[in-house]
Amino acid sequence: MKVIVCVKQVPDTNEVKIDPVKGTLIREGVPSILNPDDANALEGALALKDKYDDVNVTVLTMGPPQAEDMLRECLAMGADDAIHLSGREFAGGDTWATSNAIAAAINKMGDYDIIFAGRQAIDGDTAQVGPQIAERLGISQVTYVQNFEIDGNELKIQRQLEDGYEVINAKTPILLTAIKELGEPRYMTVKGIYDSFREKEIKVWGFDHLGIENDQVGLKASPTRVHKSFVPQPKGQGVMLEGSVQEMTEKLVVALKQKHLI
Ligand SMILES: Cc1cc2nc3c(=O)[nH]c(=O)nc-3n(C[C@H](O)[C@H](O)[C@H](O)COP(=O)(O)OP(=O)(O)OC[C@H]3O[C@@H](n4cnc5c(N)ncnc54)[C@H](O)[C@@H]3O)c2cc1C
């Protein structure tokens, strides 16, 4: 079984702070990490590899040269192969152009049974790339996957809803987008780290590898443009209530009612 996991390197948004004076984002020193949902997606793929002998897991990313570190991490967790889509032609793409490039790379890879993506990336936050890749490839997709079983080419998938889940029967080839319930990501092993540097090779593919027109990727292919970005206004100062528990409760209820929150 051939499994592809789309992984994105993202800034750790938990570490991004706002400069209280300038009101701008402080990006210096912010570490880059494997996008959390993608780590869950990779875990879903690696769990298949644990269960069945014939599973090959390839991780695929499109990103700048430093994304290699994240691919090594995925290899050290247990992925078999890694492909890095890299080149200035891809820069500045919105989700349409990003998914075009990734789908073209998957087409070049040829056969696949399951493609995993994360539900969403914590920086762009659109949750569009996974579904768009499936559209480009013309295959089925199920989003918000919390669990699944596979028997031959048939899958029984639990898709999370706000108040429960639904069970969907589907067939490969298919794209699944993962949420955290799909699996707690495993740690890298020491041997895995060693092998990821010494034994495993990351294939770097540029635009010329893909066999598509250059009006399909990058900024000029993007139907959307970020016109302006700005930091949200900080919220007003908090209010400390005083008095007995009874008095504070009353004040709290009045304040919440005034704001139409209850
Ligand atoms: C309107 C708009 C304009 C933009 N313009 C620019 C721009 O000018 N310059 C710029 O640098 N960026 C731009 N971006 C950001 C860029 O589009 C996103 O980084 C990229 O398309 C991925 O979207 P996302 O982060 O929302 O991912 P999501 O759709 O939230 O990601 C879902 C899943 O798709 C997969 N995935 C997403 N991206 C990748 C990737 N690169 N490689 C492998 N797998 C991936 C992962 O599995 C991920 O979990 C723009 C975004 C928008 C919405």
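Just so you know, these numbers come straight off a predicted model, no measurement behind them.

With that out of the way, let us pick up the pattern of salt bridges. Oppositely charged side chains are able to pair whenever their charged atoms sit close together. Throughout the structure, instances matching the rule amount to 10 salt bridges. Note that Arg72 is salt-bridged to Glu68, the shortest N-O span being 3.0 Å. Within this pair, Arg72 and its partner Glu68 are both found in helix H2 (residues 67–77), separated by four residues, close to a single helical turn. Residues participating in the shared-partner salt-bridge network are Glu43, Asp50 and Arg186.

Turning to the packing of aromatic side chains, a few remarks are in order. Within a pair of aromatic rings, the relevant descriptors are the distance that separates the centres and the angle that separates the planes. A complete count under the given rule lists two aromatic pairs for this structure. Of note, Arg136 hangs over the ring of Trp96, and the distance from its end group to the ring centre comes to 4.9 Å.

Attention now moves to the environment of Ser32. With respect to the helices and strands, the residue Ser32 is situated in strand S5 (residues 32–34). The class for Ser32 is partly exposed, based on a relative accessible area of 45%. Spatially, the C-alpha atoms of Ser32 and Lys8 are 10.0 Å apart, while their sequence positions differ by 24 residues. The residues contacting Ser32, other than those within four sequence positions of it, are Gln9, Val10 and Pro11.

Of all hydrophobic cores here, the largest spans 34 residues; its most connected members are Val5, Ile114, Phe116, Phe148 and Leu176. Listing elements by their share of this core, those giving two or more residues are strand S1 (2–6), helix H1 (36–51), strand S6 (56–62), H2, strand S8 (114–118), strand S9 (140–151), strand S10 (154–161) and strand S12 (174–178). When residues of this core are assigned to their parent elements, the largest contribution, six residues, is made by H1. For Phe116, the residues in contact, after removing those within four places along its chain, are Val3, Ile4, Val5, Cys6, Ala41, Gly44, Ala45, Leu48, Phe148, Leu176 and Leu182. Leu60, Met62, Met109 and Leu175 belong to the second largest nonpolar core, which has 26 residues in total.

Interhelical geometry of H2 versus helix H5 (residues 190–198) gives an angle of 130° and a closest axis separation of 7 Å. When the axis of H2 is compared with that of H5, the two are oblique. Classified by chirality, the crossing of H5 by H2 is right-handed. Along the contact surface, H2 presents Arg72, Leu75 and Ala76, while H5 presents Gly192, Ile193, Ser196 and Phe197.

Here we come to the state of the cysteines. Going through the model one piece at a time under the given rule, you end up with zero disulfides. The thiol of Cys6 is unpaired, and the distance to the nearest cysteine sulfur, on Cys74, comes to 11 Å.

So, about the site of the ligand. Cys6, Lys8, Asp38, Ala121 and Thr126 are the nearest of the 30 residues found near the ligand. Relative to its unbound accessible surface of 940 Å², the ligand loses 80% to contact with the protein. Only S6, helix H3 (95–109), S8 and helix H4 (129–137) provide two or more residues apiece to the shell around the ligand. Taken together, the residues of the shell around the ligand break down into 11 nonpolar, 13 polar and six charged.

Let's shift gears to H2. For H2, the buried fraction is high: eight of the 11 residues fall into the buried class. Those residues of H2 that sit buried are Ala67, Met70, Leu71, Arg72, Cys74, Leu75, Ala76 and Met77. Backbone geometry just downstream of H2 places Gly78 in the positive-phi region, at approximately 140°.

The rules behind these values
Residues numbered from 1 in each chain as written. Predicted model: local features only at pLDDT ≥ 70, side-chain atom pairs only at ≥ 80, totals over all residues. Heavy atoms only, no water. Salt bridge = Lys/Arg side-chain N within 4 Å of Asp/Glu carboxyl O. Helix = DSSP H or I, 4+ residues; strand = E, 2+ residues; numbered from the N terminus. Phe/Tyr/Trp six-rings, centres within 6.5 Å; stacked < 30°, edge-to-face > 60°. Lys NZ or Arg CZ within 6 Å of the ring centre and 35° of its normal. Buried < 20%, exposed > 50% of the residue type's maximum accessible area, 1.4 Å probe, protein only. Contact = heavy atoms within 4.5 Å. Core = buried A, V, L, I, M, F, W, Y, C linked by side-chain atoms within 4.5 Å. Axes fitted to C-alpha atoms, helices over the stretch in contact; angles between N-to-C directions. Parallel < 35°, antiparallel > 145°, perpendicular 65-115°, else oblique. Left-handed = near helix turned anticlockwise from the far one by under 90°. Disulfide = S-S within 2.5 Å. Near = heavy atom within 4 Å. Areas by Shrake-Rupley, 256 points an atom, 1.4 Å probe, with all protein chains shown as cover. Nonpolar A, V, L, I, M, F, W, Y, C, P; charged D, E, K, R; others polar.

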